[in-house]
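Here's the letter readout for the chains.
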Amino acid sequence: MPHRRSLTQEEIEGAPFAPDLHDARHLWLKAGLLLVWVLVSFATGYFARDLQFLVGPWPLSYWIASQGAVLMFIGIVCVYCAAMSYFERQDMAAQRDAATAPSHD
């Protein structure tokens, strides 16, 4: 097992964001999006034959197998990108506020 070098304080302060980006909000986002992916990719496809209505001229099971799962995956990636951008803006604002806040020493 390779030895991991710990970061020095200068390396941490020089980074644009803290090295620990896996806080609770990121983990909940990833868990939720993975759950949606599993449900759309596997659960819906598995039970799609039981759904007996049409989407356009095709049965729903055909639509899910050929288009729906791929479109949902693209949607999940877009949601993840937007959420991470939002989290990064929040982190940058918090760092900026902490840097400009007067210290009470």
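All figures in this text were calculated on a predicted structure; none of them were measured in a lab.

Description of the overall build of the protein
Inference 1: Of regular secondary structure, the protein possesses three helices and two strands.
Inference 2: Reading the secondary structure of the protein in the N-to-C direction produces α-α-β-β-α.
Inference 3: Taken over 105 residues, the protein has a buried fraction of 13%.
Inference 4: Of the accessible surface of the protein, which amounts to about 8,600 Å², a share of 67% is contributed by carbon and sulfur atoms.

Side note on the nonpolar core
Inference 1: Counting six residues, the largest nonpolar core is built from L29, L33, I76, A83, M84 and F87.
Inference 2: Counting residues per element, the ones that place at least two in this core are α2 (24-47) and α3 (60-100).
Inference 3: Top element by residues in this core is α3. It accounts for four residues.
Inference 4: The residues contacting L33, other than those within four sequence positions of it, are I76, V79 and Y80.

Quick word on the state of the cysteines
Inference 1: Under the counting rule described, the total for this entry stands at zero disulfides.
Inference 2: Left unpaired, C78 is separated from the closest cysteine sulfur, that of C81, by 6.5 Å.
Inference 3: Residue C81 is classed as partly exposed on the basis of its relative accessible area of 47%.

Details of the confidence of the model for the protein
Inference 1: Of the residues in the protein, 75% have a pLDDT of 70 or more, and the chain-wide mean is 78.
Inference 2: Here helix α1 (residues 9-14) is the element of the protein with the lowest mean pLDDT, 57, and α3 is the one with the highest, 86.

A word on α3
Inference 1: End to end, α3 covers 56 Å across 41 residues, agreeing with the expected 60 Å (1.5 Å per residue, within 8%).
Inference 2: The sharpest bend along α3 reaches about 45° and sits at Q67.
Inference 3: Within α3 the residues assigned to the buried category are L60, I64, G68, I76, A83, M84, F87 and D91.

Details of the environment of R25
Inference 1: Inspection of the secondary structure assignment puts R25 in helix α2.
Inference 2: Residues R25 and M84, 59 residues apart in the sequence, show an inter-C-alpha distance of 9.9 Å.
Inference 3: Aside from chain neighbours lying at most four places away, what touches R25 is F87, Q90 and D91.
Inference 4: Looking at R25, its side chain comes within polar contact range of the side chain of Q90, at 2.7 Å.

Here's the deal with a nonpolar patch on the surface
Inference 1: A cluster of nonpolar side chains, L34, W37, V38, F42, W63, V70, L71, F73, I74 and V77, forms an exposed patch at the surface whose accessible area comes to about 910 Å².
Inference 2: Elements supplying a minimum of two residues to the nonpolar patch: α2 and α3.
Inference 3: With six residues, the single largest contributor to the nonpolar patch is α3.
Inference 4: Structurally, the position occupied by F73 is in helix α3.
Inference 5: On the basis of relative accessibility, which here comes to 44%, the residue F73 falls in the partly exposed class.

The rules behind the values
- Residues numbered from 1 in each chain as written.
- Predicted model: local features only at pLDDT ≥ 70, side-chain atom pairs only at ≥ 80, totals over all residues.
- Heavy atoms only, no water.
- Helix = DSSP H or I, 4+ residues; strand = E, 2+ residues; numbered from the N terminus.
- Buried < 20%, exposed > 50% of the residue type's maximum accessible area, 1.4 Å probe, protein only.
- Areas by Shrake-Rupley, 256 points an atom, 1.4 Å probe, with all protein chains shown as cover.
- Core = buried A, V, L, I, M, F, W, Y, C linked by side-chain atoms within 4.5 Å.
- Contact = heavy atoms within 4.5 Å.
- Disulfide = S-S within 2.5 Å.
- pLDDT = per-residue confidence, 0-100.
- Expected span 1.5 Å × (residues − 1).
- Bend = angle between axes of the 7 residues up to and from the residue.
- Polar contact = N/O pair within 3.5 Å; in protein donor to acceptor, adjacent residues only side chain to side chain.
- Patch = residues over 30% accessible without salt bridge, like charges linked within 9 Å, V, L, I, M, F, W, Y side chains within 5 Å.
- Salt bridge = Lys/Arg side-chain N within 4 Å of Asp/Glu carboxyl O.

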